[in-house]
Amino acid sequence: MSKKLVLIALAFLAFSCKKESQESSNKEEEQNTVVAEDKELAPEELGKVIFEGKGNCISCHKTDEKLIGPSLQEIAKIYQEKDAKIATFLKGESEAIVDPSQFAVMQANLTLTKTFSDKELQGLEAYIHSNLK
Ligand code: HEC
């Protein structure tokens, strides 16, 4: 074999190894995402995960007493009474009805919640309502 052929063969080998390791790390990533987010959680369970996790809502909202924001029970009660949709508020498509005078504090979070999927927003809504039970 000429030197040139050997070099081409080596280059080819190196390339195909690299591709394989990239593919397997993609697969790992996929599996991790499934474990973290999907795993067929009930909507309110998915909502709880987001509320305490990437949403970080828990830093301002507690179940039964006011923290920086209103309690989840108060939010759930008012949304139930007015037959309003929390998911719509979190998409930035409806007005604050719980404590409009403090809306500016909540508004900053809508930048984040607007990036959530409908399934995630439905989950948050279900989780907030579940605190009334
Ligand atoms: C920095 C503190 C803070 C964080 C973080 C925060 N909130 Fe709020 N939230 C507030 C305050 C203050 C209000 C009261 C103002 C208002 O009613 O809009 C509020 C109000 C709300 C309301 C009632 C809105 C209405 O109709 O008046 C909902 C629903 C809500 N938050 C959900 C969430 C969710 C879900 C998250 C996480 C993605 C979150 N909040 C994160 C401070 C926060």
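Residues numbered from 1 in each chain as written. Predicted model: local features only at pLDDT ≥ 70, side-chain atom pairs only at ≥ 80, totals over all residues. Heavy atoms only, no water.

**Things to note about the layout of surface pockets**
Then, in step 1: Within this model, the largest pocket holds a volume of roughly 550 Å³.
Then, in step 2: Along its surface, the largest pocket is lined by 29 residues, and His 61, Pro 70, Ile 75, Phe 89 and Met 106 are the ones closest to its centre.
Then, in step 3: Elements represented by at least two residues in the lining of the largest pocket include exactly helix H3 (72–81), helix H4 (86–90), helix H5 (103–113) and helix H6 (118–130).
Then, in step 4: For the lining of the largest pocket, the leading source of residues is H5, giving six residues. (1 Å grid on protein atoms, 1.4 Å probe; cavity = no way out; pocket = protein on both sides within 12 Å on 5 of 7 lines; lining within 4 Å. Points joined across faces, edges and corners; volume = space filled by probe spheres on them. Helix = DSSP H or I, 4+ residues; strand = E, 2+ residues; numbered from the N terminus.)

**Re the pattern of salt bridges**
Then, in step 1: For the coordinates displayed, the defined rule picks out five salt bridges.
Then, in step 2: For the salt bridge of Lys 77 with Glu 81, the shortest nitrogen-to-oxygen distance reads 3.6 Å. Of this pair, Lys 77 and Glu 81 both sit in helix H3, four residues apart, which is roughly one turn of the helix.
Then, in step 3: In this structure Lys 77 comes out as partly exposed when scored by relative accessible area, which is 46%. (Salt bridge = Lys/Arg side-chain N within 4 Å of Asp/Glu carboxyl O. Buried < 20%, exposed > 50% of the residue type's maximum accessible area, 1.4 Å probe, protein only.)

**Comments concerning the packing of helix H2 (residues 43–52) against H6**
Then, in step 1: Running from N to C, H2 and H6 cross one another at 95°; their axes reach a closest spacing of 7 Å. Relative to H6, the element H2 is oriented roughly perpendicular. Touching Pro 43, Glu 44, Leu 46, Gly 47, Lys 48, Ile 50, Phe 51 and Glu 52 of H2 are Lys 119, Glu 120, Gly 123, Leu 124, Ala 126, Tyr 127 and Ser 130, all from H6.
Then, in step 2: Among the residues making up the contact of H2 with H6, the classes are represented as seven nonpolar, three polar and five charged. (Axes fitted to C-alpha atoms, helices over the stretch in contact; angles between N-to-C directions. Parallel < 35°, antiparallel > 145°, perpendicular 65-115°, else oblique. Contact = heavy atoms within 4.5 Å. Nonpolar A, V, L, I, M, F, W, Y, C, P; charged D, E, K, R; others polar.)

**Thoughts on a nonpolar patch on the surface**
Then, in step 1: A cluster of nonpolar residues, Leu 67, Ile 68 and Val 105, forms a patch on the protein surface that exposes about 260 Å² of accessible area.
Then, in step 2: Looking at where Leu 67 falls in the secondary structure, it is placed in the loop between H2 and H3.
Then, in step 3: Taking relative accessible area as the criterion, Leu 67 reaches 41% and is therefore assigned partly exposed. (Patch = residues over 30% accessible without salt bridge, like charges linked within 9 Å, V, L, I, M, F, W, Y side chains within 5 Å. Areas by Shrake-Rupley, 256 points an atom, 1.4 Å probe, with all protein chains shown as cover.)

**Some words on H6**
Then, in step 1: Between the first and last C-alpha of H6 there are 18 Å, a value that for 13 residues agrees with the 18 Å anticipated at 1.5 Å per step.
Then, in step 2: Taken as a whole, H6 has its buried residues at Glu 120, Leu 121, Gly 123, Leu 124, Glu 125, Tyr 127, Ile 128 and Ser 130. (Expected span 1.5 Å × (residues − 1).)

**Focus on the coordination of the iron atom of the ligand**
Then, in step 1: Around the iron atom of the ligand, the protein contributes the donor atoms His 61 (NE2) and Met 106 (SD), which lie 2.1 to 2.2 Å from the metal centre.
Then, in step 2: Taken together, the six donor atoms coordinating the iron atom of the ligand span angles of 88 to 179° at the metal, a pattern that classifies the geometry as octahedral. A residue pair is termed long-range when its members are at least 10 positions apart, and His 61 in the loop between H2 and H3 and Met 106 in helix H5 qualify at 45 residues.
Then, in step 3: Given a relative accessible area of 22%, Met 106 falls into the partly exposed group. (Donors = N, O, S within 2.8 Å, 3.2 Å for Na, K, Ca; no water. Tetrahedral: all angles 85-135°; square planar, octahedral: opposite > 155°, others 65-115°.)

**Remarks on the site of the ligand**
Then, in step 1: Around the ligand sit 24 residues in total, of which Cys 57, Cys 60, His 61, Tyr 79 and Met 106 are the nearest.
Then, in step 2: The separation between an oxygen atom of the ligand and a polar main-chain atom of Ile 97 is 2.8 Å.
Then, in step 3: Interatomic distance of 2.8 Å between a backbone N/O atom of Val 98 and an oxygen atom of the ligand.
Then, in step 4: Judged by the fraction of its atoms near the pocket grid, the ligand is located in the largest pocket.
Then, in step 5: Of all the secondary-structure elements, those providing two or more residues to the shell around the ligand are H3, H4 and H5.
Then, in step 6: The element that contributes the greatest number of residues to the shell around the ligand is H5, accounting for five residues.
Then, in step 7: The residue inventory of the shell around the ligand, partitioned by class, reads 15 nonpolar, eight polar and one charged. (Near = heavy atom within 4 Å. Polar contact = N/O pair within 3.5 Å; in protein donor to acceptor, adjacent residues only side chain to side chain. Sits in = over half its atoms within 2 Å of the grid points.)

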